[in-house]
Amino acid sequence: MKMKKIPMRKCIGCGDQKPKRELIRVVKNKDGEIFLDLTGKANGRGTYICKDRKCFDLAIKKNAFNRALECKIDDSIFEALKERLEESE
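Keep in mind it's a predicted model, so treat the numbers as computed, not measured.

**Observations regarding a negative patch on the surface**
Inference 1: On the surface, D74, D75, E79, E83 and E87 cluster together into a patch of negative charge.
Inference 2: With respect to the helices and strands, the residue D74 is situated in the loop between helix 2 (64-69) and helix 3 (75-88).
Inference 3: Judged by its relative accessible area of 47%, D74 is partly exposed.

And the structure:
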């Protein structure tokens, strides 16, 4: 029997490669809304982050979200994402 391939993704905070299921996807849709995609299937441009607060803070410090999602993100959106991240842990 063939082994099923496990999709790997890179965390924008720490830079580690991990299985897609272990990371949380952050998405910017066509309307410019930015949100956490816990299903991993939402339409739009996405990036991945570990389920760790340190990685999230490091990604903000490095402006990784702005580069990955190709837009300027307000601090209010970061606060909302932090709250959602803490809820999902």
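Picking up where we left off.
**Notes on the state of the cysteines**
Inference 1: Applying the stated criterion across every chain, the model contains zero disulfides.
Inference 2: Of all cysteine sulfurs, the one in C11 lies closest to C50, which takes part in no disulfide; the gap is 3.4 Å.
Inference 3: Residue C50 is classed as buried on the basis of its relative accessible area, which comes to 4%.
Inference 4: Unpaired in terms of disulfides, C71 finds its nearest cysteine sulfur in C11, a separation of 18 Å.
Inference 5: On the accessibility criterion, C71 (23% relative accessible area) is partly exposed.

**Concerning the pattern of salt bridges**
Inference 1: Taken as a whole, this structure holds five salt bridges when the rule is applied.
Inference 2: Put simply, D57 and R53 hold a salt bridge, and the shortest N to O gap is 3.6 Å. Of this pair, D57 and R53 both sit in helix 1 (residues 53-61), four residues apart, which is roughly one turn of the helix.
Inference 3: A relative accessible area of 32% means that D57 is categorised as partly exposed.
Inference 4: The exposure class assigned to R53 is partly exposed, which follows from its relative accessible area of 32%.
Inference 5: The shortest N-O distance in the salt bridge between E86 and R53 comes to 2.4 Å. Residue E86 is found in helix 3, and its partner R53 is found in helix 1; the two are separated by 33 residues along the sequence.
Inference 6: Because the salt bridges share partners, they merge into one network encompassing R53, D57, K82 and E86.

**A closer look at the nonpolar core**
Inference 1: By size, the foremost hydrophobic cluster in this structure holds 20 residues, and its most contacted members are V26, I49, F56 and F65.
Inference 2: Aside from chain neighbours lying at most four places away, what touches F65 is I12, V26, T47, I49, F56, A59, I60, E70, I73 and F78.

**Examining the packing of aromatic side chains**
Inference 1: Taken as a whole and judged by the stated rule, the model has two aromatic pairs.
Inference 2: Seen in terms of ring centroids, F56 and F65 are 5.3 Å apart; in terms of plane orientation they differ by 55 degrees. Their pairing is tilted. As far as burial versus exposure is concerned, F56 and F65 are alike and both buried.
Inference 3: On the basis of an interplanar angle of 50 degrees and a centroid distance of 5.8 Å, the ring pair of F65 and F78 is categorised as tilted. Note that F65 is positioned in helix 2 and F78 in helix 3, a separation of 13 residues in sequence.
Inference 4: Take F65: its relative accessible area is 1%, and that puts it in the buried class.
Inference 5: Three or more aromatic residues joined by ring pairs form one cluster here, namely F56, F65 and F78.

Criteria and thresholds
Residues numbered from 1 in each chain as written. Predicted model: local features only at pLDDT ≥ 70, side-chain atom pairs only at ≥ 80, totals over all residues. Heavy atoms only, no water. Patch = residues over 30% accessible without salt bridge, like charges linked within 9 Å, V, L, I, M, F, W, Y side chains within 5 Å. Areas by Shrake-Rupley, 256 points an atom, 1.4 Å probe, with all protein chains shown as cover. Salt bridge = Lys/Arg side-chain N within 4 Å of Asp/Glu carboxyl O. Lys, Arg positive; Asp, Glu negative; His and termini not counted. Charge placed at Lys NZ, Arg CZ, Asp CG, Glu CD. Helix = DSSP H or I, 4+ residues; strand = E, 2+ residues; numbered from the N terminus. Buried < 20%, exposed > 50% of the residue type's maximum accessible area, 1.4 Å probe, protein only. Disulfide = S-S within 2.5 Å. Core = buried A, V, L, I, M, F, W, Y, C linked by side-chain atoms within 4.5 Å. Contact = heavy atoms within 4.5 Å. Phe/Tyr/Trp six-rings, centres within 6.5 Å; stacked < 30°, edge-to-face > 60°.

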